[in-house]
Amino acid sequence: MPTARGPTTSRTRYRLALMAAGLLACEQNGQSVLHPGGPGAERIAELWWLMLAVATAIFLLVLGVLIRAMTHKGSEAEPRTVTDDRAHTKWVLAGGVALPTVILVPLLIFTLSTLAGLMPPKDSTAPEVVIAGRQWWWDVQYTTGDPRDDLRTANELHIPVGRPIRIQLRSHDVIHSFWVPSLQGKMDLVPGQVNTTWVQADSAGVYRGECAEYCGLQHARMQFRVIALPEAEFATWLAEQRKPARAVSDSAGRAGQAVFLRSGCAFCHTIRGTPARATSGPDLTHFASRSTIAAGTLPNTRGHLAGWISNPQAIKPGNLMPRIPLQPAELHALLAYLGSLR
Amino acid sequence: MAATVASPSVPPETLEQFKQTWSDAPPGLLGMLREVNNIPIARRYMLTGFAFFLAGGLLGLLMRVQLGTPENTFLDAETYNQIFTMHGTTMMFLFVIPFIEALANYILPLMLGTRDLPFPRMTALSYWTYLFGGIFLYSSFLFGMAPDGGWFALVPLTNIEYSPGLNMDFWDIGLSVAEIAAIGAAAEMIVAILRARAAGMSLNRMPIFGWAMLVTGAMIIFAFTPLIVGTAMLELDRKGLTAFFKPEAGGKPLLWQHIFWIFGHPEVYIMFIPAAGIVSHVVQTLARRPLVSYTLMVLSIVSIGFISFGLWVHHMFATGMSAVAMGFFTAASLAIAIPNGIQVFGWIATLWAGRPVWRTPLLFVLGFLVIFTIGGLTGVMVAAVPFDWQAHDTYFVVAHFHYVLIGGVVFPLLAGMYYWLPKITGRLLSERLGRWNFWLMFVFFNVAFFPMHISGLLGMPRRVYTYPAGLGLETLNLVSTIGAFGFAIGVSLFAVNVLWSRKRGEPAGDNPWDSDSLEWSETSPPPDAQFVRIPVVASRHPLWEQPDLLPHEPRLARQLEDLHARPARWRGSLVVSVLDAKPVAIAHLPGPTLAPFTMAVAFLALFAWALIEETVLLAAGGVLAAVAFFLWFRPQQTETLALEEFRGREVDPDRLPLAVGGPIASGWWGMLVFIAVLTTALATTVTGYFYLGDAQGGSVLPGAILEPGVAMLLSIAGIATGAWAVRGVRRRLPGTVRLGLAATWVLSAVALGLGVHAIPWDTLDPEHSAYASGVLAVVGFQWLVVIILLVAATLGLLWAIGRPEDRRGHTVAHNVSLLATFTGVSAAVVFAVVYLSPRLW
Amino acid sequence: MSLFLAFLGAPVVWVVHLAVSYFLVALDCATDWNGARIAVLLVTALCALAAGGSGVYAWRGGASIDPPQVREFLVRSGAILAALFAGAIILSGMAPLFLPICS
């Protein structure tokens, strides 16, 4: 809505108004539709507040008319012999046809143009991200066209602040749905097709996300994080993630790596720079740099990791990581090793 | 003012015999299993429906206990997933629609001024099938295998690969049983409303509930049929026979969603429209004046019926569809607000212009108006694609649909119960308990469901067995849980009230609300022998505007004389013309029989066989089905009696003929409805074929086209032989009839053989190819139709050979011709789709 | 037949409009043809006229229906339905004005 002072200022004021409305509504919890952190969610929030205002007005109108109808003292004449109802019919047409039409046509136009503004960007948005859904975790890949630069991580999406990142969504098994409420509307991951969405965060921070399509037993434990970093820090992060795993420097680490390789972990997991190259489970090359285990189920601390490795089925029953019995010394070494994979 | 007294021209023995004929006897268990009269069946149907409501509600309470606190361990993940699936499945398939159909079965004939529904055995079959389907579904809990894929069972999650147990088979097969019940009841309602009304009840005088059920019946036909096809496809996939929904074989998960939601969206309007009809009646009666603009209200219902079929994609906005396609569906989803708005303002205007009586039914209408308006407004919000991208699959949409379904359907149903139970039981319900019932439900409903709008916007997705602490969701969920329990107490007060009124309720009398429609002209409760005199209607509000319900025109009086406490020895009811309800004929209705119950047991056996594949079940089911078929289609004594009474009467223009022998018979109309079902099923399979076709280039051409082409031509020729048989009926040439039917039979059998033989069974691999599955769906459908035609033609031949003069056989011949016409047309369509269209691309 | 046309003509045209528009969009995205935007707008205009036309037909005609009270009811109904569904067709047809055909 451009004013004499120029569109930029009014846009900022608009954003402030949206934020104020959100704060009034409820607390910020990192995954709120009402606290948009980027243009995608912002445009949707605008539409929401508009619709809420209109809906509230209509509800109050209908309620008012209803109360009036209840308290209104009709004429005591026997109304059953009514032959001409045209006056009342006019009100029915006014309220039931004219009023909705007058509201719905502009609403439709506003909705369609908001939708147009939410289309994914047409130009490339390096890096390109491909997220593949699996029961019950997120397989995140960054590609730049050069396979040597490709990297895989899990359950976390790092993006640079202030520009859109396009995401290709695929699924290896059932339908999932990618949803970061503060940044963008949701988009399904459907096996057999590729859907495209995009996210942009306008300030640095952590934005929570979750799977929003029932995908089986542990659908409730399929969360993820979007971490927005200033451009320079993002570049640093990307460069770090592209490197293979740190070489093990001490005996504990070496012992841990040996446990990893001989206990069956390599059947599912990749650690670049080691012989472990399987892809059915999350890539663990930089596992220690991630904040959660098992798609947001547990914080990534040594204690929780110990519990997870000892018995994943007790924490997230039905998930695809089997229980692997380890001696306490083996577990200890493994934890040290995994903790070094920054 | 109601004319239920027998006029002096009817001798008392005749009246006695008439009443005897209409009572379902003998009492006891066997009597109950043989009942076909709509009154006792509808009562049982409503009780069963309410029981499932309580069961589904209990499941909902369990869910709320689990979600009351974060990281709760009251239920584990698998149990919770089974419970939420069964909660939804129960409410959507085992409660609302059966309950509404039951209420319609009871009230509609009374309201329309007719003695029973046109297919009493179908009424009974619908009930038993529904009961067995529900028991089948709930038996899964006993084995710990309740369905756990969600009530809309998205694929690939519900494919055998990701749902390996029998859970989803229980769902799939149990539903098929319930679907048959729904479609059967719908067919009945359509034919009843079109052809079985009181004399003079022209379409523009028909009560709004009649219009509502007519539109609902039509919607059920067009919405449930795709679901039947879809659930059959899913079950075939799960049995490893096909690959419609397996992505690795070219299957498309979104095909399931299209098929399911083209059922699922009309489904919610199938629930809402009857509720709106009930509201119109309660408002009109309790405002003590006619509804403002009957025409607008009727048209709103018709419009909603149509538009609801154009909204289904709004359940799929997040699946990656093209924006402009989604734009079409947003527009339609917004447009439906207009007819809904007309209704809401119509009701409010009627209350404004009238002198409302503030008794419990009207309280529930008020509650409905408030809650449904909120639900409708959030519906407009989620119709907007951008906002739906945030709200879809979250607790926001859970709040929305509970507002429209509880507010928009349950509250009106309760209004209807408080309004009509006095008619059904003869006793009024307690006003005091009624107020407590209403207020508890109203307040606690909002306490339970309003916070869900907020928790959805705070990022809480649907169908989660728990949620993390620290996200601001704890208080909201706890409040919802408390509200749910309060709501449950409110609901139970209804049951308490019903039980109380049985013993202590004030006797209602015929017309406690001083209402205008015909059901209030009979006693409360109504006698088994309703409408000793067929009522004559001359206005939209008979009990308000007419001095009596008697015929005042000599010709009409003469025609109705034959129905005055008659026919005495068999069940007869009036058949009228569609538009202006002029008397046209007298229909014979069957009396008590074990056929429907036996058929329902046969279905149960066959469906159990589909579940666990024990051959003994197949054998038992087959035998029972054959027995039921025989009981159903053998000549009935009472009908033979009717035919004898009417022999030689057709020449008198002032006396009504018997409704048998062709288009005058209800069965002919029933066949038309069945053909509508078949047409919809054909359209579904053909659409599925094209949707799946492009997966592998679709160029797997099943062999040469000579054999299938000849098969098609033979089926088309069947149209002619069928018409020929009808010509023989019309010209009283029994030889022609036999020849026509026999020729139809032979042509169909050969067509079937050629069609099956033409398929290259060694190269077609439906288990690993979605395209091949699509082909088989289309041709398989055609084979099924031909088999049905063969059965019908066999029946026709039995009549034509055994009793060539019997007019019942003539009705069968007409129906065979109708079916043969459809079969010929569908053969051409199937041939063009499967054999010609690949050659065009 | 004229009864059905008068009463149900407009809703049927609306169904046809939805099906044809959806099909045109799918065709545009699946092949090289890019005319869906114009085509849908054209189809919208045609269908709106047809729906409106069936209303006019109901208003003028309907003389073939016999009993006068039923005739009046059906005639008025046909006209109102036509107006409503013509409106719904136009609403639907607005989508291509704002949105890309394939995305």
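What comes next is a walk through the structure. (Residues numbered from 1 in each chain as written. Chains lettered and ligands numbered in written order. Predicted model: local features only at pLDDT ≥ 70, side-chain atom pairs only at ≥ 80, totals over all residues. Heavy atoms only, no water.)

**Let's talk about the overall build of chain C**
Rule in force here: A helix here means a DSSP run of H or I that spans at least four residues, while a strand means a run of E at least two residues long, and both kinds are numbered starting from the N terminus. Residues are treated as being in contact if the distance between any of their heavy atoms lies within 4.5 Å. For accessible areas, the Shrake-Rupley method is used with a probe of radius 1.4 Å. Any residue's cover is judged against the shown protein chains and nothing else.
The secondary structure content of chain C amounts to 4 helices and 0 strands. Ordered by position from the N terminus, the helices and strands of chain C form the series α-α-α-α. Across chain C, the fraction of contacts at a sequence separation of at least 24, relative to all contacts at a separation of at least 6, is 70%. Surface exposure of chain C reaches about 5,000 Å², of which carbon and sulfur atoms provide 73%.

**Some points on helix α12 (residues 360-383) of chain B**
Rules: To estimate how far a helix should extend, the number of its residues minus one is multiplied by 1.5 Å. Relative accessibility decides the category of a residue: with a 1.4 Å probe and only protein chains considered, values under 20% of the type maximum give buried, values over 50% give exposed, and everything between is partly exposed.
Across its 24 residues, α12 of chain B extends 34 Å between first and last C-alpha, which sits within 8% of the 34 Å expected from 1.5 Å per residue. For α12 of chain B, a buried count of 23 out of 24 residues is recorded, marking the element as mostly surrounded by other parts of the structure.

**Topic: the interface of chain A and chain B**
Selection criterion: We define a salt bridge as a contact between a side-chain nitrogen of Lys or Arg and a carboxyl oxygen of Asp or Glu at a distance within 4 Å. Polar contact is defined as a pair of N or O atoms within 3.5 Å, subject to the rule that within protein one atom must be able to donate a hydrogen and the other to accept it, and that residues adjacent in sequence are counted only when both atoms are side-chain atoms. Charged means Asp, Glu, Lys or Arg here, nonpolar means Ala, Val, Leu, Ile, Met, Phe, Trp, Tyr, Cys or Pro, and polar covers whatever is left, Gly included.
Counting residues at the interface gives 81 residues for chain A, matched by 85 residues for chain B. Inspection of the chain A/chain B interface yields 1 salt bridge. In this structure, R221 of chain A engages E71 of chain B in a salt bridge whose closest nitrogen and oxygen atoms are separated by 2.9 Å. Our count for the contact surface shared by chain A and chain B stands at 21 residue pairs in polar contact (both at pLDDT 80 or more). Only α2 (39-71), α3 (86-117), β7 (187-189) and β9 (205-211) of chain A provide two or more residues apiece to the side of chain A that touches chain B. Residue classes in the side of chain A that touches chain B are distributed as 45 nonpolar, 23 polar and 13 charged.

**What to know about the environment of L429 of chain B**
Within the secondary structure layout, L429 of chain B lies in the loop between α14 (395-425) and α15 (431-457). A sequence separation of 84 residues divides L429 of chain B from W513 of chain B, and the C-alpha atoms of the two residues are 13 Å apart.

**Focus on the pairing of strand β4 (residues 156-160) of chain A**
Residues and elements named next belong to chain A. Condition: Any two strands with at least two DSSP-identified bridges between them are counted as paired.
Of all 5 residues making up β4, 5 are buried, and the element is well covered by its neighbours. Burial of β4 is two-sided: the residues E156, H158 and P160 facing one way and the residues L157 and I159 facing the other way are all buried. Relative to strand β10 (residues 223-229), β4 runs parallel, the two sharing 5 bridges. Paired with I159 across the two strands is A228, which belongs to β10.

**Side note on unusual backbone geometry**
In this model, Q135 of chain A is joined to W136 of chain A through a cis peptide bond whose omega is 0 degrees. Checked against the element boundaries, W136 of chain A lands in the loop between β1 (128-134) and β2 (137-143). In this chain, S524 of chain B is followed by P525 of chain B through a cis amide linkage whose omega measures -5 degrees. Here P525 of chain B lies in the loop between α16 (474-504) and α17 (542-545). Of note in this structure, N155 of chain A is not a glycine but carries a positive phi near 65 degrees. When you line up the elements, N155 of chain A lands in the loop between β3 (151-154) and β4. For A581 of chain B, which is not glycine, the phi torsion reads 50 degrees and is therefore positive. Within the element layout of this structure, A581 of chain B appears in the loop between β1 (571-576) and β2 (583-589).

**Thoughts on the environment of D24 of chain B**
Residue and element names in this part refer to chain B. Here D24 is to be found in the loop between α1 (12-22) and α2 (29-34). Sequence separation between D24 and N37 is 13 residues, and the spatial gap between their C-alpha atoms is 6.7 Å. When near neighbours in sequence (up to four residues on either side) are disregarded, D24 contacts E35, V36, N37, P40, D528, R571 and P592.

**So, the side chain of N319 of chain A**
Residue and element names in this part refer to chain A. Summarising the element assignment, N319 is placed in the loop between α7 (312-315) and α8 (328-339). At a separation of 3.5 Å, a polar atom in the side chain of N319 contacts the main-chain carbonyl oxygen of P312. Sequence-distant contacts of N319, that is, excluding residues within four places in its chain, are made with W136, W308, P312 and Q313.

**Quick word on the state of the cysteines**
Counted only if it meets this: Criterion for a disulfide: a pair of cysteine sulfur atoms within 2.5 Å.
This structure, assessed with the given rule, holds 1 disulfide over all chains. Each sulfur in the disulfide pair C29 of chain C and C102 of chain C lies 2.0 Å from the other. The sign of the S-S torsion, about -110 degrees, decides the handedness of the disulfide formed by C29 of chain C and C102 of chain C: left-handed. Taken together, the positions of C29 of chain C in helix α1 (residues 2-30) and C102 of chain C in the segment after α4 (95-98) put the pair 73 residues apart, joining distant regions of the chain. With no disulfide of its own, C268 of chain A lies 8.7 Å from the sulfur of C265 of chain A, the closest cysteine sulfur.

**With respect to the interface of chain A and chain C**
We apply this condition: Buried area is calculated as the accessible area (1.4 Å probe) missing from two parts once they are joined, with the contributions of both summed.
On the side of chain C, 7 residues touch chain A, which itself brings 8 residues to the contact. Between chain A and chain C lies a buried interface of about 680 Å² when both sides are counted; carbon and sulfur atoms form 92% of it. When the area that chain A buries against chain C is broken down by residue, the three leading residues are L108, L112 and M119 of chain A, summing to 54%. On the surface where chain A and chain C come into contact, there are 0 salt bridges. Scanning the region where chain A abuts chain C turns up 0 residue pairs in polar contact (both at pLDDT 80 or more). Here the side of chain A that touches chain C is built from residues that sort into 7 nonpolar, 1 polar and no charged.

**As for the packing of helix α5 (residues 120-142) of chain B against helix α6 (residues 167-195) of chain B**
Residues and elements named next belong to chain B. In plain terms, the rule: Axes, fitted as lines to C-alpha atoms, cover a helix only where it is in contact. Angles between the N-to-C directions of the axes lie from 0 to 180 degrees. Working definition: roughly parallel below 35 degrees, roughly antiparallel above 145 degrees, roughly perpendicular at 65 to 115 degrees, and oblique for all remaining angles. Put simply, a crossing is left-handed when the front helix is turned counterclockwise from the back one by less than a right angle, and right-handed when it is turned clockwise.
Contact geometry of α5 with α6 gives a least axis separation of 8 Å together with a crossing angle of 160 degrees. Judged on the interaxial angle alone, α6 and α5 are roughly antiparallel. When you trace α5 past α6, the crossing you get is left-handed. Residues P120, M122, T123, S126, T129, Y130, G133, F136, L137, S139 and S140 of α5 form the contact with α6, whose participating residues are F170, W171, I173, G174, V177, I180, A181, G184, A185 and E188.

**As for the sheet that holds β3 of chain A**
Residues and elements named next belong to chain A. Pairing within the open sheet is mixed, and its 5 strands lie in the order β3-β2-β1-β5-β8. At either margin of the open sheet sits one strand with a lone partner, and together these are β3 and β8 (195-199). On average, adjacent strands in this sheet sit at an angle of 25 degrees to one another, irrespective of strand direction. Where β2 and β3 come together, 4 bridges link them in antiparallel fashion. Bridge assignment links Y142 to a residue of β3, and that residue is L151.

By themselves, these figures tell us nothing about what the structure is for.
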